[in-house]
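Read off the chains here:
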Amino acid sequence: MTWALLLRYWKYGAMAVLALMLGAQTLRISSLKHDVAAEKAARAADITTWRAAGVQSTANALQQARSIEQQQQKATQDAQANLDTLHARYAELTRLWLAARADHGAPGQAHLPYDLGGAGGTAATAPETVMVEATDLSICNAALETAQGWQDLYRAQHAIDRTPR
């Protein structure tokens, strides 16, 4: 009779085992859902952090670009001021040249009576050492001013620190 009872009630035992297995699987699925939700939350936090870092990095780069642009503008303005100073200096030299030409009465050439070294000295030089054609003086002055202005601008722009921060 025990076999008969076992055969008769085996369905209930199998259903109980099946219920236990389903309960265990349900707990596993619930645990996996919880793990997936935690992973999604962590990824969302990562994405938010990355976006904030990108925005901050962009803001830093823009600020550095503005700083470099301001430094370049200042360097350009300084170079222009130096060029204006050179222009005034060579205008004075031209005036002195014309005065020297008028004093010496030379038809095509005259010497500049001042030291051209830029030290501001007024030591007279011998006419044989410095000779300038009247037609070339303004061309020479303009070329020299331009060359010195470009050199000053290049040095000032090259000195700006462009290292990313």
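Here the structure is a predicted model, which is why all the values come from computation and not from measurement.

Draft legend 1. Representation of helix α2 (residues 137-158) in the model. The terminal C-alpha atoms of α2 lie 31 Å apart, and with 22 residues this matches the ideal 32 Å at 1.5 Å per residue to within 8%. The set of residues buried in α2 consists of Leu137, Asn141, Glu145, Gly149, Leu153 and Gln157. Considered in projection along α2, the buried side chains sweep an arc of 145° and stay on one side of the axis. Among the exposed residues of α2, those oriented more than 90 degrees off its buried face are Ile139, Trp150, Tyr154, Arg155 and His158.

Draft legend 2. Up close: the pattern of salt bridges. Per the stated rule, a full pass over the model turns up four salt bridges. With its nearest N and O atoms 3.1 Å apart, the salt bridge here joins lysine 74 to aspartate 78. In this pair, lysine 74 and aspartate 78 are both assigned in helix α1 (residues 2-104), four residues apart and thus about one turn of the helix distant. One salt bridge connects aspartate 152 with arginine 155, and the closest N-O pair in it is separated by 3.5 Å. Of this pair, aspartate 152 and arginine 155 both sit in helix α2, three residues apart, which is roughly one turn of that helix. Salt bridges here are not isolated pairs; linked through shared partners, they connect Glu39, Arg43 and Asp46.

Definitions and cut-offs
- Residues numbered from 1 in each chain as written.
- Predicted model: local features only at pLDDT ≥ 70, side-chain atom pairs only at ≥ 80, totals over all residues.
- Heavy atoms only, no water.
- Helix = DSSP H or I, 4+ residues; strand = E, 2+ residues; numbered from the N terminus.
- Expected span 1.5 Å × (residues − 1).
- Buried < 20%, exposed > 50% of the residue type's maximum accessible area, 1.4 Å probe, protein only.
- Arc of directions from axis to C-beta.
- Salt bridge = Lys/Arg side-chain N within 4 Å of Asp/Glu carboxyl O.

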